[in-house]
Amino acid sequence: MKVHVIGIGLIGGSMVLDIKSLHPDATIYGIDNNKSHLAEAIALGVVDQEATFEDLAEADFVIVSVPVDVALTLLPKVLDAIGDNTIVFEVGSTKMPICEAVANHPRRRNFIATHPIAGTEFSGPSAAIKNLFQGKTNIICEVEKTTFKLQEKALDLFKSIGMRIRYMDPKSHDKHIAYVSHLSHISSFMLGKTVINKEKDEQDIFDMAGSGFESTVRLAKSSPAMWTPIFKQNKKQVVKTLEEYISNLSKFKELLEKDDYDAIFNEMQSVNRIKEILNGMKK
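Below is a summary of the structure that appears in this document. Everything numeric in this text was worked out from a predicted model, so none of it was measured.

This brings us to the nonpolar core. General note: in soluble globular proteins, nonpolar side chains tend to be found buried as a group. Of all hydrophobic cores here, the largest spans 34 residues; its most connected members are Met-15, Ile-19, Ile-28, Val-46, Ile-63 and Phe-89. Mapped onto this core, the elements with two or more residues apiece are β1 (2-6), α1 (10-22), α2 (35-44), β4 (61-64), β5 (87-90) and α5 (148-160). If one sorts the elements of this core by residue count, α1 sits on top with six residues. Once residues within four sequence positions are removed from consideration, Ile-19 is found in contact with Met-1, Val-3, Ala-26, Ile-28, Ile-63 and Leu-157. Grouped together as the second largest cluster of nonpolar side chains are 24 residues, Ile-6, Val-66, Val-78 and Ile-139 included.

Written out as structure tokens, the structure is:
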């Protein structure tokens, strides 16, 4: 098995670590514009050796795990270079622009649009970890546009590393992910900013910060180079979610100003059912 990973970070790196565990005879090839990332990935054993686009014709799998703005121009070039039996999948957090970028490519049938709902706040080859995808959902869009033989090839791989499969159209994906992922990251970044700005005058804020604060701002450690293009590509949906979020924050502020603590209690109690939702998702 020949697996090529383009962009060796958390998702692509973790995926090939799992593939190597399941298929010890597989050879993992890495392509990355950042040569220090490539050298680090080889040193860590995430990939076996460097490759070029000319080598993609012999690939069984090509994993494209680059920032979503880069993917728009990179994917058509990847599809130009692959062989007839190669399956290419891209793992970014937006899907509609990605699907549109390859919609008319002659090798569209060799591509499968995916979004593994897994990750941490860390990036780069050292962020790659085994079993990251165990029990996680993998959203697949426009599966009918991938030739059936290659669909099976990709789905067997995803299931073998522990992922559950969910099918969704690209527009719905981008709408829903704006709520459960993109908004979460914006909230984390802006909470971090609020505290950092205040910390200039009050060092005690950080002295008093506990696990609640740490868990809430965890996502603020994520890579701006990855997230800025995501917000750009999904701007319309992200703006809608922000409007709703800001409205809820403003309502909470008004209740506090009015000393309406019964309403505040009821607001929080109604949201407590998020525990049931999350428990259901975990199951």
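On we go.
On to the pattern of salt bridges, then. Counted by the stated rule, this structure contains eleven salt bridges. Here Glu-121 makes a salt bridge to Arg-218, at a shortest N to O gap of 2.9 Å. Linking Glu-121 in the loop between β6 (111-116) and β7 (137-141) with Arg-218 in the loop between α8 (211-216) and α9 (224-233), this pair joins segments that are 97 residues apart in sequence. For Glu-121, a relative accessible area of 9% gives the class buried. Take Arg-218: its relative accessible area is 33%, and that puts it in the partly exposed class.

When a strand is regular, its side chains alternate between the sheet's two faces. Neither face of β5 is open: one carries Ile-87 and Phe-89, the other Val-88 and Glu-90, and all of them are buried. Two elements, β4 and β5, share four bridges in a ladder whose sense is parallel. Within the sheet, the bridge partner assigned to Ile-63 lies in β5 and is Phe-89. Of the crossover connections in this fold, the one passing from β5 over helix α4 (residues 96-102) to the parallel β6 is right-handed.

Right, let's talk about the sheet that holds β1 for a bit. Reading across from one edge, β3-β2-β1-β4-β5-β6-β7-β8 is the order of the eight strands in this open sheet, with mixed pairing throughout. A single partner strand is all that each edge strand has here, and the edge strands are β3 (49-50) and β8 (164-167). In this sheet, β8 lies alongside β7 in parallel orientation, the contact comprising four bridges. Paired with Thr-137 across the two strands is Arg-164, which belongs to β8. Each of β1, β4, β5 and β6 touches helix α3 (residues 68-81); the most contacted strand, β5, lies at about 175 degrees to it.

Next up on the list: a nonpolar patch on the surface. Taken together, the side chains of Phe-252, Leu-256, Tyr-261 and Met-268 define a hydrophobic patch exposed on the protein surface, amounting to about 390 Å² of accessible area. Of all the secondary-structure elements, those providing two or more residues to the nonpolar patch are α10 (235-257) and α11 (261-271). Take Leu-256: it is sitting in helix α10. For Leu-256, a relative accessible area of 42% corresponds to the partly exposed category.

This part is about the pairing of strand β2 (residues 27-31). The buried fraction of β2 amounts to four of the five residues, a majority that puts the element mostly inside the structure. With five bridges connecting them, β1 and β2 associate as parallel partners. Of the residues in β2, the one forming a bridge with Ile-6 is Ile-31. Crossover handedness for the path β1 to α1 to β2: right-handed. Two elements, β2 and β3, share two bridges in a ladder whose sense is parallel. Note on β3: the bridge partner recorded for Gly-30 is Glu-50.

Procedures and definitions
- Residues numbered from 1 in each chain as written.
- Predicted model: local features only at pLDDT ≥ 70, side-chain atom pairs only at ≥ 80, totals over all residues.
- Heavy atoms only, no water.
- Core = buried A, V, L, I, M, F, W, Y, C linked by side-chain atoms within 4.5 Å.
- Buried < 20%, exposed > 50% of the residue type's maximum accessible area, 1.4 Å probe, protein only.
- Helix = DSSP H or I, 4+ residues; strand = E, 2+ residues; numbered from the N terminus.
- Contact = heavy atoms within 4.5 Å.
- Salt bridge = Lys/Arg side-chain N within 4 Å of Asp/Glu carboxyl O.
- Pairing = 2+ DSSP bridges.
- Right-handed = clockwise from strand over helix to strand, strands pointing away.
- Axes fitted to C-alpha atoms, helices over the stretch in contact; angles between N-to-C directions.
- Patch = residues over 30% accessible without salt bridge, like charges linked within 9 Å, V, L, I, M, F, W, Y side chains within 5 Å.
- Areas by Shrake-Rupley, 256 points an atom, 1.4 Å probe, with all protein chains shown as cover.

Such coordinate-based values are descriptive only and should not be taken to indicate function.
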